[in-house]
Every structure is written in structure tokens, then in C-alpha cells.
4 protein chains.
Amino acid sequence: MAHKIAILGASGYTGAELVRLISQHPAIEIVALSADRKAGLEMAQVFPHLRHLILPTLCKIDEIDFSQIDLCFCALPHKTSQDVILALPKTLKIVDLSADFRLRSLSEYEKWYGNPHSAPDLQAEAVYGLTEFYRDDIAAARLVAGTGCNAAAGQFALRPLVSAGVIDLDDIILDLKCAVSGAGRSLKEGLLHAELSEGYNAYAVGGTHRHLGEFDQEFSILAGRPVQIQFTPHLMPANRGILATAYVKGDAQNIHNTFAAAYGDEPFIDLLPLGESPSTHHVRGSNFCHIGVTADRIKGRAIIVAALDNLTKGSSGQALQNANLMLGEDETTGLMMAPLFP
Amino acid sequence: MAHKIAILGASGYTGAELVRLISQHPAIEIVALSADRKAGLEMAQVFPHLRHLILPTLCKIDEIDFSQIDLCFCALPHKTSQDVILALPKTLKIVDLSADFRLRSLSEYEKWYGNPHSAPDLQAEAVYGLTEFYRDDIAAARLVAGTGCNAAAGQFALRPLVSAGVIDLDDIILDLKCAVSGAGRSLKEGLLHAELSEGYNAYAVGGTHRHLGEFDQEFSILAGRPVQIQFTPHLMPANRGILATAYVKGDAQNIHNTFAAAYGDEPFIDLLPLGESPSTHHVRGSNFCHIGVTADRIKGRAIIVAALDNLTKGSSGQALQNANLMLGEDETTGLMMAPLFP
Amino acid sequence: MAHKIAILGASGYTGAELVRLISQHPAIEIVALSADRKAGLEMAQVFPHLRHLILPTLCKIDEIDFSQIDLCFCALPHKTSQDVILALPKTLKIVDLSADFRLRSLSEYEKWYGNPHSAPDLQAEAVYGLTEFYRDDIAAARLVAGTGCNAAAGQFALRPLVSAGVIDLDDIILDLKCAVSGAGRSLKEGLLHAELSEGYNAYAVGGTHRHLGEFDQEFSILAGRPVQIQFTPHLMPANRGILATAYVKGDAQNIHNTFAAAYGDEPFIDLLPLGESPSTHHVRGSNFCHIGVTADRIKGRAIIVAALDNLTKGSSGQALQNANLMLGEDETTGLMMAPLFP
Amino acid sequence: MAHKIAILGASGYTGAELVRLISQHPAIEIVALSADRKAGLEMAQVFPHLRHLILPTLCKIDEIDFSQIDLCFCALPHKTSQDVILALPKTLKIVDLSADFRLRSLSEYEKWYGNPHSAPDLQAEAVYGLTEFYRDDIAAARLVAGTGCNAAAGQFALRPLVSAGVIDLDDIILDLKCAVSGAGRSLKEGLLHAELSEGYNAYAVGGTHRHLGEFDQEFSILAGRPVQIQFTPHLMPANRGILATAYVKGDAQNIHNTFAAAYGDEPFIDLLPLGESPSTHHVRGSNFCHIGVTADRIKGRAIIVAALDNLTKGSSGQALQNANLMLGEDETTGLMMAPLFP
């Protein structure tokens, strides 16, 4: 019998991506879709690409009977998410895609997001949702906090190296190239086609991007001491895809070996042969992450490049992967579709 | 037990799209992939987006043991295809994606393609592969000829109307907007990103595009007398998607009713409410075709717009749909994935 | 001595395009730039691509001393424009880029724009700004109404033919492909990069686009009797460029001859050899319009394709061309820059 | 009286860009255009965006009477260029856009380009064409070697800092994002629209890109000792634009002051206020380079971002700027056009 799920915030890109993925899942049934301002509309009116599916009409959250729901995906904006989840049944399994439960420290949360947290107990309960590294905790969790999409890409490129101590922890530079869907369906001039296509720029330069909170937290835990990286995201004229280029000090072969050991059994992480580099073209629409390692001409330095789809592996695919674990399904169910190329 | 298939010409876009689709098919197994000039390479070297799959090494056609094969997809260039298929076992089921077996008349073939046909017997045997209209013939066929992608889009927008006689057959204008992958992986200046992005142009203007041969053949059969339409394709700065805008003389409501009757039970053809128009954004990567009908302000005229993905519904998706029929599988197996948006 | 001009509504795309063009004009000086909501900002803050220019700070309209101004460009939204111009000095030369003064008939205006006109006297005074066809009137005019960008493209493709009576006036179909900047800097979901790139769709299908008011007016004047065309615009994943494909009944050679006679001396209209078709790629950023004529395979039918840049020849370039005439300068001054390719 | 110039290799992008720029130059006349394989064609057939210009027919190099030419632009492929220039009159002024004369050391040339240099005397004579730093030498030179487009962007972002010693010379990382036109009009699968749009990837990872030869040479000269940087270029889905992100160790305010002193009087280099970052959107089609400096959150580290158009400031614009100096014209003549946005 299928697990019954609800998606809160179904009118955004991550909500739509969840519907796309779940529509092919053999053991999950969507029984409620909420979208506050679009309640009463059909999903096909908001996202015509889903018009072939039979889906519940969009509703307000308080119209949902959560006693019928096995698991709830929250694809709501930051801050809204914590207030909504606070009001949900305490026994409901939840995968949250917002930033609200990613940081363990309330003060770090307030530092990066600018407001005090309104659900500190939930914060304490939440498990960080980077599946490959918190698999057992996630399987046992009630509330899982999906990672930032940039944070996911950066961690896939760096975590095993920080853990293994094979790179200099005080000199890590992460230059990210991010597609525009990462900004969501927000109406901003800079996200208009006319202003974005055919060009690129850095943003949040100098270490001000909120996903640094996740990097700081996770890398410091792994290293057992404070670790701060440099991180500069760049906005790309593309809809999907994150390319993370990491510049590290360490031996490339050693780094490659470390990745091979860490990712050898991972169904979604694909390590390229030493000296090859991935492309976001080759992961589009999929849950895969491709990673490449190359030695620099300067001895003792290496470049790591990771590519993933921000809406899939970086967000909704990760969320479904976590939900599979929480529901006792095989982790890969509904997620093995090949990337779309060209 | 899975049906064993081969794909000849696996290094082109339609070959790769077949692999993408079949990788999710529960009852089909790929046992051979040919690519003449790339024989010996792994598919992942030619198409890194498929690197997560376990696939046979690319080989030459004559290395394939066809006695093991239940069905063979031919994704070879025009002209090559007929020569290759001529040499294949006469009992092998074949879905051909080239133009070689689309036209019933050898003289029409020669007129549009410029060379005499080298396999007239096969030509006579081949069934035209527009699934929705040749379903029973396809199920019983040994050799099925996939349609042109533009020809598919145009026929979905017009066939029921020609059959029903609800439009003026002597005044049909079809203005197509076609994505660049329709041209295949050919190395031409006009297909370079630098020359194609950010602009558009008509091509094969004046009724010289080869897919007119298919329109002429099919519409004339349906009408029981010669029918010629005007057809102008335009090259778009996009990778996937055909938008067919048809200008016809007829009553819009009548046209809409005709479509509703013709397509009501079709799993892949989706008729929008009268007055709405589809977008290629909403079919990308899927096997769906969306169709809209709108009355013009000038009485007695209507505009029909059809949208599909040229590589999926227009080519490889159609091919798999046909293969499903030929193999006794449900027609929709492996083809119900939702479109990728954004 | 330079002519002093003001640009009202400088924070939109047509305003910025005027500044781009005028920055290279030897005889025009920008002395005022207004932008209501952005008053107080520098133009470089609103449009960083203009940061190398020394420009007046953005101000509110009522801060401008119009006694110092020789000519005023109004790049304001529809409806706002008529109210603003009503309050300007009656002796001021004005080039209006909005839709407010394009239609001669007040009832047609109200029909297409939905509100009664608030400046009927100005309406009566205004000259329609399609330079190539109203050159003498424009040179003598005080108030010139810039045409719609689609209306310009369509008229370049059809006016000489309607005048000469070489095509069937009751069967003209105009299928337009329009870039996104034509919609201005508006914050709409459909104009976001994520929703617009990589796809295309028709809009205002069925004869509801407002530029039809201009086609009806102008073609009916030329023909001396009511003429209505079919017109379907399509939104393209590109920033600049209109491609107008016109389907007409008439002899292609005759049509080509008619164009050659009409446009032979035009500096900005470039007729391609019979059988060739233009591309928007080749007019980007320029004031040129390329036109091609091809005979259809069906005798007595022809396809005309016209390409121009909607922000330049379709709007701000046309406006400057008109201003040159009104100021006694050579019509081409500041407008002969070559297109940007690739 | 106009200076007479020839362009060798006019059928490539940099050749076409030279024609675009020179078409607006008041004191330069194009008297010959060569294109070996396209000799006999008109430029408008090869580049229809230039069809409004009256230009010489494309010819072979040996058909040109160089005694009539004041200056010759060579936009030929690497290696070809040195052989061609060797055969040109020794008194002819030449601006070479290829890589052939950029490196002073013959062994470095051979190391990066893989063949021995065939014109070592010319190599010795050539002046490196980064105008802002070799202005006087260029004005006096006979043969000027245009820089690599990536090399130009990287040097604008770093030279004053290397000279002033305000950054750690042993830890410079340059992450470049490059548009596709930088690869020229080459027919490669990876440059097809279908393979390039909507994604991005690093290439020449690990310090293997040839422009490193220029960085090594120039930075080592400035520093008075060997300097090697890390440099990773990334291919972007865009036609024009380089964004250079440099990660350095040094004080951001100090770096900003150093740039202000170095570039204060430069007509084409525009330093943004401290903490702001440029975008390639805002330099497209222009000869400007925008530079931004931001302090990282980690004390003592800074990020520098430079944006320019690879075909203009990075190549043909630079070439014309140099030609102006060599011909005694004002350096900015014909180069002050505003960028094209959107």
C-alpha cells in the first residue's frame, strides 16, 4: 500500500520538482498539495507541465487532514517553514526543504538569517539531511532538514577530504556556478530572462552567502575544530545546475583515493577518473552528482569539480531520497532516471 | 523475461535518448549498441550523462549477433539506414528512426531525398510509425518507420481535421518553431552556440523541407485526394521542443470538438480547453503532446498550436511507444515520466 | 551646438536604449533623465552598462526645466504617457514611445486599450512614427507617436504590398516571433529566465494583441477600405529580435519587385535577394531591418520574412531616427552602428 | 585622409568584430579582406550582419597589394599567423591577434604551443599588446601581439597588485568564466548549441591552458622573480564575456587603492566602489573592463572580479586600440560605444 504524503508549498519550483519525481514513484501517493495564495487552483494551472497527472487541488495548509498523512514535505520559504511546522502534529514525519532547521546552533541561525528561531525544540530534534553522510540518523528521524543546494554541492566536493585530513583546512576556496532556479520563483529584475541570459556575475561576494553557515557547521564538526572556507557563488544563465570548483592544498591522487573510498558504494555519487572534470550538462534533471579531481601544475595543489542539479540532488531529489529512508523504502526508489541531455 | 534490443547508431541524439528512456523500462534490456566511428568506446565516453548505466561497449554493426535480439532500433542517418536494414535478418523486428521508410511512393522518396531507394521491398513492408493513427498496424508490423519530428507535430495538429473535413484543405498554413537538436549532432556553423543562441530564422522556406513528403502522403490519404499544405520551419535557440502553429479555415469550436473525439482516450495527447495555447516548456523531456485551439477574430478561421519534444514524442519516445506495441507491452511503459520544468 | 533633450522614463529598457544610442550621437546632448520611482539614483545604479557615461542624475518629471529642452523622448508606460504629455509645454517637441498616440480613432484606442483617451487633442495632432512612410510629416511634427515594435516589423513586411495591391488583402497571416525585451522590465513569472529560456509559446492568440489596432488602421488607410489581418505573436527565449513571417497570396517576384521599388533608397531597410531569408541574429543591436521574399511551392503564394531588433529599429532607434528629422539632422545620424554578432 | 588597412582572416569572429568596430571609425578605411577558403565571396555572404557595409570582396592574401596598406590586422589561426607575417613586407605595421608573438621566450612558446617558432626575429621585435601597460611601446612598434582574451582579463585583475606587491604572489587563484566565442568559429561537438547551452564545465583544468604562458611571463617580469598562478577556465553558455574571479591574499582596501591609482585615468577600465562586483552583462559588445574588489570574511583575503567582452576588449577592440596608437590617432577613436544591454 502506498505511503500517503503531502507537499506544503507546492507552487514553487521545489514543490513542482517533488511532484515530478513522485509521479514515477511506485510506493508514494500524493494526497494533499498546499499553496497559500493559489489555493483552489489545480496544479496544472500553476504548472502546466504536470497537467497529465491526477493530483489533489491546491489547498490551504489548515484544510489538510494530517492524520491521513504518513510524511509531509515542506517546500515553504525560510522562516514561514518553522512557524508552519511548529503547528503540525508532533508525530508527523517531515522533510523540510527550507533553511530553517539546517543549523544546530540557534545563534548561528540568527547570525545568518537575521531573526531569532521560533521553534528551538524542533531545531534540536532535526537531522541534517545530507543523505550520504547522515543516512542512519535520517532513517530514524522524524524531522529532516534538507540542505542548501550550494551547501550540498560544496560538501560533496569537500567532506571526505576534511574528514580524512588530506587537505589544508585553512585554505579552501569554493567557487560556485549556480543556475537561476536556485533563487526560486521570485520576481526580481535580476532573474528576468532579459537581464540574466547571455551573462554572469558573482553575488554574495566576500563570505556573506547564508549557505556558509552550513559549511562552517559541518566542516568544523568533521575537523573537530573551527574551519572556515572562502565561498563565492556566481549566477549562471541556465535554469538548472551547480558546478562547484574547489581549490585545495593537498595531493590530487590522495584526494582521489579518499573520494574513491568514501563514495565507492554510493548510488548517486559518481567519481570520474583522475584528471577528468564533470559538467552540469550531464546531471540535468537527475539525482546524480559527478565529481572530478585534477592535480594543478603547482605541486601540492588540486582542483575538485562537482556537478549536480540544484533542484534534484540539491533539493527535491535529496528530499525524496531522505523520505525513502524515513518510510523504509529503498533509498533510490523513484530517483534512478537518467539525466536529460541535450 | 526482458526483451533484448539493440540500438544501431547509438552515438547520435536519438540513440542517446533511446538509452535514457529504456534505462527506466522494466521489460527491455539493451544488449548491443553500435556506433561505427566510435566503436570500442564506452557509451559514457560519448555521452557522459549516461555514465551511471551499465551498458554494452559501442561496437560495429557486424559485431552484433542479431539472433539474440528481439527488436532493433535503427538511429542511423538517412540513406545509411536502408542499406544497413537490407542486410539485417528478415525476421528481426525493427523500428527505424530515419527518413528511409516513411514514404510509400518510391518516386516521392526520390523526389524529396534525391536518390533512388535501395530497398524497395522493405519500403513496401514498412508501417508508418505515427502510433496514435497506425496503432494496430504497428502492433502487427515487423518494420516500423518512425516519422519526422516536424511531421509528427504537424500531423497531431491537423490529422483529425483533415479526416473529419472540418477545415478548408486548400488553405492550411503550418508555421513550425523547431529546436536545434532536431538537426542532430551535426557539425555546422549555424548550429554553433555562438551563431544560434539569442536569435531565430526561417529555413527551407517555400515548401522545400523534406517532411512535406510525409504531410503530402498522409493528408492526401486521409482526404482521398491530393492535399498540399504550406509549411515553414524556423530554427529556435533551444535544444528541445517543436511548436507547431497551424492557421486553418474552419470553426474553432468544431475543431476543438473534433480533437476531443479523436484524442479523448490518448494517453500522450492532451487537448487544452478552447482558447488556451501550449508551450514547449511544458513538454520538455516527455512523451506528451499538448494541443490548443483558438478562434481568430476573423470569423471562420482558427489557430491550432501543438507542442512536443522533438527527441521524445517526435522521435525516440515515439520509437519506444511503437516498440512496446510490437513487443506486446503496454504502449505507455517507460514513457510516463513528467516533463522537466523549469 | 548640440540639441538638448530629455528622456522621461529612463529606467526602462527603451529609455536605456535611447541613452546607449544618443551616447554616440554627435549633435544631441542629454540634459535630463526622469524615473519616478528611482529619482535620486544615478543611471549607472539602474543600468550599470552605462556607467562610463556622464549623465544627469535621475529625477522626477516636475523637476525638469523644459524651457531648456529642444526635444523630449517619452519612454513611459501606456496611459501614463498621455497624462504626462498633456502637462508638458505645448511647444515642446516630443517623441512618444508608448502606445498612447498611435491610433487616430479614439474609439479604436478605447477598444484596444480599455480606457477612454485623456488627451484627444494631442491624439489628433500626433503623427504616426513609422519613419520610412511618414518622413515628411514627422519632420514637420511636434508630437510623434512611435509605433509598436511588432507593428513596425509587420508593416515593413507588408505595407508596400498593401499599397501596390499585389497581394490578396483578405488573406494575410502574420506569424511573429518576439524577444522578451519587448515586454519591458516587468516582473512577471513568465518573463523569468527559468520559465522562458529553452522554450516558446504563442500568446494573444486569435487576434487580441493590441498592435492589431495599428495594423487595422494603417492597412485600411493604404487600401482605402477595411483590411484585417491574422496576427499571432510568439514569445522567444531571446532578449532582442522580432522575426515576422508573413504568408500572402501573390506572386513572389512581383512582391520582390514591389519591395525593391519601395525600399531601394532606404538606408535601414535591406531587401535580400529573392529566395533568401533573414535572421534576427544579423540585426541585433542595430537599426536595420532585413526582408526576404520566397515563393511557396504552391503557385501564387509567397512567404515574406522580416527581421529587426525590437529595442532599436522597433522602438528607440526609430525614435532617434524621428528625432533626427524633427531636429533637422540627417536621419541616420547616430544610427549606423553595425549589428552585434555573435 | 583615412588610414588604409587590411584584415587577414576576415571570416572568423575576431575578423568580423574588427569590421564591426572599424565601420564606425572616422579615420580608417578597409581596403582588403582576406579569407583563404572563402576567397571570392562577399563579406555579407559570410557574415550577413555586415551586409549594409560596402566592403572589399574576400580575397587570398597574395592578391593584396600591401604597398597600399598602412596597417594590417592578422586574425589568423595560431601558427599560420607567423608564417604569413614572415612573408609580409618588413615595413608594414601589423597588429596580430593570434598567439604567435605573445611570448618572448622561444622555449616558452614551444612549451605551450608544441611547435618551434618559425619567425624568431619577429618574435623578438613584437610588442605585447596589453595597451594600458605597454602604451608607449605600442605607439612606437611595427608589430604588436594582441593578448589572449583570458590573459587580458586576468591581467587587468592582477597586474597592478603584482607590481605593487600588495598580494601574496605565491597564492593567486584565477577562476575564469569564458563565453563560447572565445573558441572561435570552430566546428566541435562541445560548441554546438545543443551541447553547450544550459550548462557549464571547467576545461584545461590543472594549469594546462596556453594563456598561462602569458601570465607566467608578465607576472614574473613585474615581480622580478618567477610567479606562477593557478588558473582554471570554465566554458559558459553565452556568446560573449569573460568574468575573472581572482582569489588573493592581501588587504581589500589596499588593493582597491592600488587599482584606483593604476586605473584612475584609463578610459576603458572602470573600477567599481569597494564591495561591488561587475557582470559580463554590462560590458557586452563594448571595449570596457569593469573591476570590483571585495574583502572576504576571512581577514587578509580579497576577491577581485573583472568583466570584459572577449571579442572586443579581449581581442578586436584591443587590436583597434593598439592600431589607433600605432597610427597616431586618439586611442579611444571608434571604441566608445556603450555596451548592449539587455
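Rules used throughout
- Residues numbered from 1 in each chain as written.
- Chains lettered and ligands numbered in written order.
- Predicted model: local features only at pLDDT ≥ 70, side-chain atom pairs only at ≥ 80, totals over all residues.
- Heavy atoms only, no water.
- Least-squares fit on C-alpha atoms with pLDDT ≥ 70 in both.
- Contact = heavy atoms within 4.5 Å.
- Pairing = 2+ DSSP bridges.
- Helix = DSSP H or I, 4+ residues; strand = E, 2+ residues; numbered from the N terminus.
- Axes fitted to C-alpha atoms, helices over the stretch in contact; angles between N-to-C directions.
- Buried area = accessible area lost by both parts, 1.4 Å probe.
- Salt bridge = Lys/Arg side-chain N within 4 Å of Asp/Glu carboxyl O.
- Nonpolar A, V, L, I, M, F, W, Y, C, P; charged D, E, K, R; others polar.
- Buried < 20%, exposed > 50% of the residue type's maximum accessible area, 1.4 Å probe, protein only.

Draft legend 1. Region of the structure containing the relation of the copies chain A and chain D. Of the transformation placing chain A onto chain D, the axial shift is 0.0 Å and the rotation is 180°, giving an RMSD of 0.0 Å. Between the two chains, the operation in question is that of a two-fold axis. If distances are taken from each C-alpha of chain A to the rotation axis, the shortest is found for P237 of chain A, at 3.4 Å. A share of 100% of interface residues in chain A that are also interface residues in chain D marks the association as one of identical surfaces.

Draft legend 2. The arrangement of the sheet that holds strand β6 (residues 127-128) of chain B in detail. Residue and element names in this part refer to chain B. Taken in spatial order, the seven strands line up as β3-β2-β1-β4-β5-β7-β6 in an open sheet, and their pairing is parallel. A strand with exactly one partner marks an edge of an open sheet, and here the two such strands are β3 (58-59) and β6. Of the pairings in the sheet, the one linking strand β4 (residues 71-74) to strand β5 (residues 93-96) comprises four bridges and is parallel in character. Directly across from C72, in β5, lies its bridge partner I94.

Draft legend 3. Quick look at the sheet that holds strand β6 (residues 127-128) of chain D. All names here are of chain D. The sheet built from seven strands is open, its strands ordered β3-β2-β1-β4-β5-β7-β6 with parallel pairing. Sheet topology places β3 (58-59) and β6 at the edges, where each strand pairs with a single neighbour. Packing of helix α1 (residues 13-22) onto the sheet brings it into contact with β1 (3-8), β2 (28-34) and β4 (71-74), and relative to β1 it is tilted by some 160°.

Draft legend 4. View of the interface of chain A and chain D. Every contact between the two is made by 55 residues of chain A and, on the other side, 55 residues of chain D. Taken as a group, E198, Y200 and R297 of chain A account for 20% of the area that chain A buries against chain D, more than any other trio of residues on that side. At the junction of chain A with chain D, the criterion picks out eight salt bridges. For the side of chain A that touches chain D, the elements supplying multiple residues, two or more each, are β8 (173-178), α8 (193-196), β9 (201-202), α9 (211-223), β10 (230-235), β11 (242-249), β13 (289-295) and β14 (301-308) of chain A. When the residues that make up the side of chain A that touches chain D are grouped by side-chain class, the tally is 25 nonpolar, 17 polar and 13 charged.

Draft legend 5. Focus on the pairing of strand β11 (residues 242-249) of chain D. Residue and element names in this part refer to chain D. The buried fraction of β11 is high, at seven of eight residues. One ladder, built from six bridges, connects strand β8 (residues 173-178) with β11; its direction is antiparallel. Each bridged residue has a counterpart across the sheet, and for C178 the counterpart in β11 is I242. The pairing of β11 with strand β14 (residues 301-308) spans eight bridges and is antiparallel. Pairing of I242 across the sheet is with L308, part of β14.

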